[in-house]
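Reading the structure
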Amino acid sequence: MGSLTTQAMSRLTAAGSLSNVDDAVRSLADLKAVHLLDYPGDEEGFDLGSPTDESEEIGRDLNRYRSASSQLDLIDPKIPMESEPIRDQLGRDLPSRVEMMLGHLDRIDLIDSELSSSGEESDSLEVLQPLDLDLDVLSGYGSLTVFVGTVKDAARAEAAASSGLVVIEGVKPAVIALFCENASSSAVQSELAEAGFAAISVPRGEGPIGAHLEELAARREELLAERSTLQGELDGWAEANGGNLIGGIELLERDMALALGPIRVAVSDHAFVIDGWIETSRSEEVSAALSETCRVVNIEPYKVVPGGGGHGHHGPELKLPPIKFVDRDASKPMELLTNLMGRPRYGKVDPTLFMFFTYPLFFGLILGDIVYGAATMIFGYFLYSRIGHTETGLLASKFIVYIGFAAVVFGYIYGEFAGYEILPHHGANGWEPSHAPWWAAWVANLYPSGGEFQYELLDWEFGGIFLAFPFHRVGDNLLDLVLITVYMGAIHVLLGLLIGFRDIWLHGDSHGNTGPIVAFFDRGSWIIIIIGGYFFATGYLGLGNSPGDDTLTMMRNYGAIIAVAGVLMVIYASYKYHGMPALVAVLLGPIEGIGIMPSVISYVRLFAVGVAGVKIAETGNDKLYGQVDGDHGAGMMGVVEDLGLNDVSGLLLAAILLPVILPFALILLKVSLPEMPFGLNSFGRQFLLGFLISGGLGYVYNVGGSIFTLMIFFFGWLVVQIFAWILGFVSPNIHTARLHLVEWMKQFYEAVGEEFEPFGFTARVVEVE
């Protein structure tokens, strides 16, 4: 199988003496090459294997270590550790250290429980304290009933105690202790309910409530001190032993996998049988490794039966092999996209390599800004520094760098920098400079002739396509981009249909039909409809501008005939190969034929989403930053101009703004300040204080209002830029993913493959032994 499909697989069957089953399982784990098929238990004379004798002890230790790990804030080491020192710790000190740590955790749980209950008790006592009664007075009577709680209507509650004794203190709510004979308790309770009585549970104890509160407070301080000590010891334990604990869990998980491995194979009284899948390219390696523990090793390459299941010796119910992607380097990050849909059907085209080219192309076409693309690449590097030690994190960070680079390339083609058009435009008076500020306009020096040029790469008048460099998508080339995206949609959809044509021809469709005829009617019909539709649309629209043109008339007529032929083919395919009743196929055929148009037109979003994002950034630039040569007083630059007229500029302006700049400098320089009053160690409060100080300094020079306005404009513009980048990162990904996963892949993709999961170990934090 080639690089456009998945790895070729072979079926493995191995058998040996039952006494060697544990060694065979160990060999499988060391190889990490066999996707085991669990024994279903349907063969007479064979049963499931049994776990090793050590499995119970390993499981007990693993559960205990996992419990300990779940209660600590541990960080996985980024560099895999050696296994031998971890093994040594597992056999020596680590178990006792874990037991000590678990004892600390249990004690902390008890302390937290006691603190919670004492807190509730303190809350109740604080409510009851205004009564100024001893605790033992409020309960413990045989002939009396005591109601203790709060009431909303104190006068009515006092009236309810006409035959008893009542103590009421406070207002809204009032605290009440009412003593009455047991015989009248029901009537009193009813009266109290009308008064809005809410009962309070009286804690057990003797003596004044205040004294009891002091005891609770002292006990609380004692518990908090003990908890703080225990937590400090736990933090120290985690720092000293956290890596060993994480590594120990991984090694125990490997041991457990080996201990439970025999239950995945079939065993009889004297033999075992291993059944699974391997990569065909590793057949010799697997055969050589298993021959030491197995008497029989049979490896048979899997052969696809077109239109059906598979070829093998295990009966017609045999499932297709699991799917393993081919070994890749640069294009491997795109496997993340393929996995979103699920693995492809065995033998059919894997779209990963195609998306390596088209996904960054579409993303860059939408975002197309040098600054935002560079910010995306920086974000990818940031992810790499945080999660790049994991396989998924590494692939995700590379993926983001890819699409960010594409956005930089298209930003250079468009001449866009942070929402500004930085290149000169050719007008009636020759080359007119851009209105971008100097910090953006300097990039024009990286173009030939300072950007005062335009190379015509393609000017296809008949097809209406014009390609040039630079390509001003929000200017002269706006309509050209619209048409280009339609052509890209047609080409992309045609590519998907051609892949589907190949897959159906060689491997069949989901209904079991196969061969070139099936492919011709099932996928060729749509290809014919797109081609005929193109000729018809070109001729029909062209005749509006050139009535009577023979070529356009011929294109319109023949295009219509080709498209109708395609629709008839769709009708036949629906009836013949998809089991649709003839009448239904006739009715739905034209509708389905027209239905290909939305898939193609959907690609116009490549233009629309990108231009919308540019306009958001452009609005922020115009309204908040302002034009350098625009109207006086427009945006931030207008405020700076006003300040200059008041002799506030240069170093003086920088000094006034220094307090609001300082919090950002402290973060960038990673400066840690000593404990500050009023919570000034937080960035938010530092920024707010700096904002007020800078504005106050402005009033010293009679420009306070302008300074505040300048800061508001600047930070508002910064927020718009950040929002434009976030939107430019998220929205193009959403739409590009939709075009690939929906509009394109539905033309050929079957997400029915099972992921290839070889039995063995993958090093996370500990090297494989």
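Residues numbered from 1 in each chain as written. Predicted model: local features only at pLDDT ≥ 70, side-chain atom pairs only at ≥ 80, totals over all residues. Heavy atoms only, no water.

A look at the overall build of the chain
- When helices and strands are tallied, the chain shows 24 helices and 18 strands.
- Relative to its length of 769 residues, the chain is extended, with a C-alpha radius of gyration of 38 Å against a globular reference of 27 Å.
- If you line up the chain on its principal axes, its C-alpha atoms span 110 × 100 × 60 Å.
- Contacts in the chain between residues at least 24 apart in sequence constitute 74% of all its contacts with a sequence separation of at least 6.
- Here the chain displays about 39,400 Å² of accessible surface, and carbon together with sulfur accounts for 60% of that area.
- Looking at charge distribution, the chain has the averaged site of its 45 positive side-chain charges lying 6 Å from that of its 93 negative ones. (Helix = DSSP H or I, 4+ residues; strand = E, 2+ residues; numbered from the N terminus. Rg over C-alpha atoms; globule rule 2.2 N^0.38 Å. Contact = heavy atoms within 4.5 Å. Areas by Shrake-Rupley, 256 points an atom, 1.4 Å probe, with all protein chains shown as cover. Lys, Arg positive; Asp, Glu negative; His and termini not counted. Charge placed at Lys NZ, Arg CZ, Asp CG, Glu CD.)

Quick notes on the packing of helix α22 (residues 650-668) against helix α24 (residues 704-744)
- Between α22 and α24, the least distance of the axes is 12 Å, while the angle of their chain directions is 45°. Comparing their axes, α24 and α22 come out oblique. Our pair here, α22 against α24, has a crossing hand that is right-handed. Residues Leu653, Ile656, Leu657, Val660 and Phe664 of α22 form the contact with α24, whose participating residues are Ile707, Leu710, Met711 and Phe715.
- Of the residues belonging to the contact of α22 with α24, the class tally is nine nonpolar, no polar and no charged. (Axes fitted to C-alpha atoms, helices over the stretch in contact; angles between N-to-C directions. Parallel < 35°, antiparallel > 145°, perpendicular 65-115°, else oblique. Left-handed = near helix turned anticlockwise from the far one by under 90°. Nonpolar A, V, L, I, M, F, W, Y, C, P; charged D, E, K, R; others polar.)

Focus: unusual backbone geometry
- Cis geometry marks the peptide bond from phenylalanine 469 to proline 470, where omega comes out at -5°.
- Tracing the backbone through its elements, the reader meets proline 470 in the loop between β18 (465-469) and α14 (478-507).
- Positive phi, close to 60°, is recorded for aspartate 647, a residue that is not glycine.
- Mapped onto the fold, aspartate 647 is located in the loop between α21 (635-645) and α22.
- In this structure, asparagine 702 takes a positive phi of about 60° despite not being glycine.
- Tracing the chain through its elements places asparagine 702 in the loop between α23 (683-700) and α24.

Describing the pattern of salt bridges
- Enumeration over the complete set of coordinates arrives at 29 salt bridges.
- For the salt bridge of arginine 738 with glutamate 743, the shortest nitrogen-to-oxygen distance reads 2.8 Å.
- Under the relative-accessibility criterion, arginine 738 is labelled partly exposed at 34%.
- Overall, the relative accessible area of 4% leaves glutamate 743 in the buried class. (Salt bridge = Lys/Arg side-chain N within 4 Å of Asp/Glu carboxyl O. Buried < 20%, exposed > 50% of the residue type's maximum accessible area, 1.4 Å probe, protein only.)

Brief notes about the layout of surface pockets
- Of the voids in this model, the largest pocket is the one considered here, and its volume is about 1,200 Å³.
- For the lining of the largest pocket, the per-class residue count stands at 26 nonpolar, eight polar and two charged. (1 Å grid on protein atoms, 1.4 Å probe; cavity = no way out; pocket = protein on both sides within 12 Å on 5 of 7 lines; lining within 4 Å. Points joined across faces, edges and corners; volume = space filled by probe spheres on them.)

Observations concerning the nonpolar core
- Within the largest apolar cluster, 58 residues are counted, with the highest numbers of intra-cluster contacts made by Leu365, Phe399, Val493, Tyr603, Leu606 and Trp744.
- Apart from residues no more than four positions distant in its own chain, tryptophan 744 is found in contact with Pro351, Phe354, Met355, His492, Leu495, Gly496, Ile499, Tyr603 and Leu739.
- In this structure, Leu94, Ile111, Ile246 and Ile249 belong to the second largest nonpolar core, which totals 31 residues. (Core = buried A, V, L, I, M, F, W, Y, C linked by side-chain atoms within 4.5 Å.)

Brief notes about a negative patch on the surface
- Taken together, Asp22, Asp23, Asp53, Glu54, Glu56 and Glu57 make up a surface patch of like negative charges.
- Topologically, glutamate 54 is positioned in the loop between β3 (47-48) and α2 (55-70).
- Take glutamate 54: its relative accessible area is 46%, and that puts it in the partly exposed class. (Patch = residues over 30% accessible without salt bridge, like charges linked within 9 Å, V, L, I, M, F, W, Y side chains within 5 Å.)

Regarding the packing of aromatic side chains
- Tallied over the entire structure, the rule returns 45 aromatic pairs.
- Here tyrosine 412 and tyrosine 447 contribute two aromatic rings whose centre-to-centre distance is 4.1 Å and whose plane-to-plane angle is 10°, an arrangement assigned as stacked. Of the two residues, tyrosine 412 sits in helix α12 (residues 391-414) while tyrosine 447 sits in the loop between α13 (438-441) and β17 (455-460), which places them 35 residues apart along the sequence.
- Judged by its relative accessible area of 3%, tyrosine 447 is buried. (Phe/Tyr/Trp six-rings, centres within 6.5 Å; stacked < 30°, edge-to-face > 60°.)

Section: the side chain of histidine 507
- Topologically, histidine 507 is positioned in helix α14.
- Here the side chain of histidine 507 touches glycine 347 through a polar contact of 2.8 Å, landing on its backbone oxygen. (Polar contact = N/O pair within 3.5 Å; in protein donor to acceptor, adjacent residues only side chain to side chain.)

Quick notes on helix α16 (residues 524-545)
- Along its 22 residues, α16 runs 32 Å from first to last C-alpha, staying within 8% of the 32 Å computed at 1.5 Å per residue.
- Listed as buried for α16 are Gly524, Ser525, Trp526, Ile527, Ile529, Ile530, Gly532, Thr538, Gly539, Gly542 and Leu543.
- Taken together, the buried residues of α16 touch α14, α15 (516-522), α17 (550-576), α18 (582-594) and α19 (596-601). (Expected span 1.5 Å × (residues − 1).)

Brief notes about the sheet that holds strand β4 (residues 144-151)
- Taking strand neighbours across the sheet as the criterion, the four strands line up as β5-β6-β4-β7 in an open arrangement whose pairing is antiparallel. At either end of the open sheet lies a strand with only one pairing partner, and these are β5 (165-169) and β7 (198-199).
- Pairing analysis gives two bridges linking β4 to β7, with the strands arranged antiparallel. Bridge pairing links glycine 149 to alanine 199 in β7.
- Contacting β4 and β6 (174-181), helix α6 (residues 185-194) crosses the sheet at an angle of about 160° to β6. (Pairing = 2+ DSSP bridges.)

Remarks on the environment of lysine 32
- The topology assignment puts lysine 32 in the loop between α1 (21-31) and β2 (34-36).
- The partly exposed category is assigned to lysine 32, whose relative accessible area is 28%.
- For lysine 32 and phenylalanine 761, which are 729 residues apart along the polypeptide, the C-alpha to C-alpha distance reads 6.9 Å.
- Sequence-distant contacts of lysine 32, defined by excluding residues within four places in its chain, comprise Arg282, Pro758, Phe759, Gly760, Phe761 and Thr762.

Quick notes on the pairing of β18
- Most of β18 is tucked away: four of the five residues are buried.
- Here five bridges tie β17 to β18, and the two strands are oriented antiparallel to one another. Bridge pairing in β18 places tryptophan 460 opposite isoleucine 465.

Digging into the confidence of the model for the chain
- Taken residue by residue, the chain gives an average pLDDT of 88. The fraction at 70 or more is 97%.
- In this model, residues 309-318 is a region of pLDDT below 50 whose contacts with residues beyond four sequence positions or in other chains number 21 contacts. (pLDDT = per-residue confidence, 0-100.)

What to know about a nonpolar patch on the surface
- A cluster of nonpolar side chains, Ile531, Phe535, Met554, Tyr558, Ile561 and Ile562, forms an exposed patch at the surface whose accessible area comes to about 550 Å².
- Elements that contribute at least two residues to the nonpolar patch include exactly α16 and α17.
- The biggest single contributor to the nonpolar patch is α17, with four residues.
- Mapping phenylalanine 535 onto the fold places it in helix α16.

Details of the environment of glycine 393
- With respect to the helices and strands, the residue glycine 393 is situated in helix α12.
- In the structure, glycine 393 is positioned 13 residues away from glycine 380 in sequence and 9.8 Å away in space, judged by C-alpha atoms.
- Filtering out sequence-adjacent residues up to four positions away, glycine 393 remains in contact with Ile387 and Gly388.

Structural notes on the packing of helix α10 (residues 352-367) against α12
- Two elements in contact, α10 and α12, have axes separated by 7 Å at closest approach and are oriented at 50°. As summarised for this structure, α10 and α12 are arranged oblique, according to the angle between their axes. Read as a crossing pair, α10 and α12 show a hand that is right-handed. Residues Phe356, Tyr359, Pro360, Leu361, Phe363, Gly364, Leu365 and Leu367 of α10 pack against Phe399, Tyr402, Ile403, Ala406, Ala407, Phe410 and Tyr414 of α12.
- Class assignment of the residues belonging to the contact of α10 with α12 gives a composition of 14 nonpolar, one polar and no charged.

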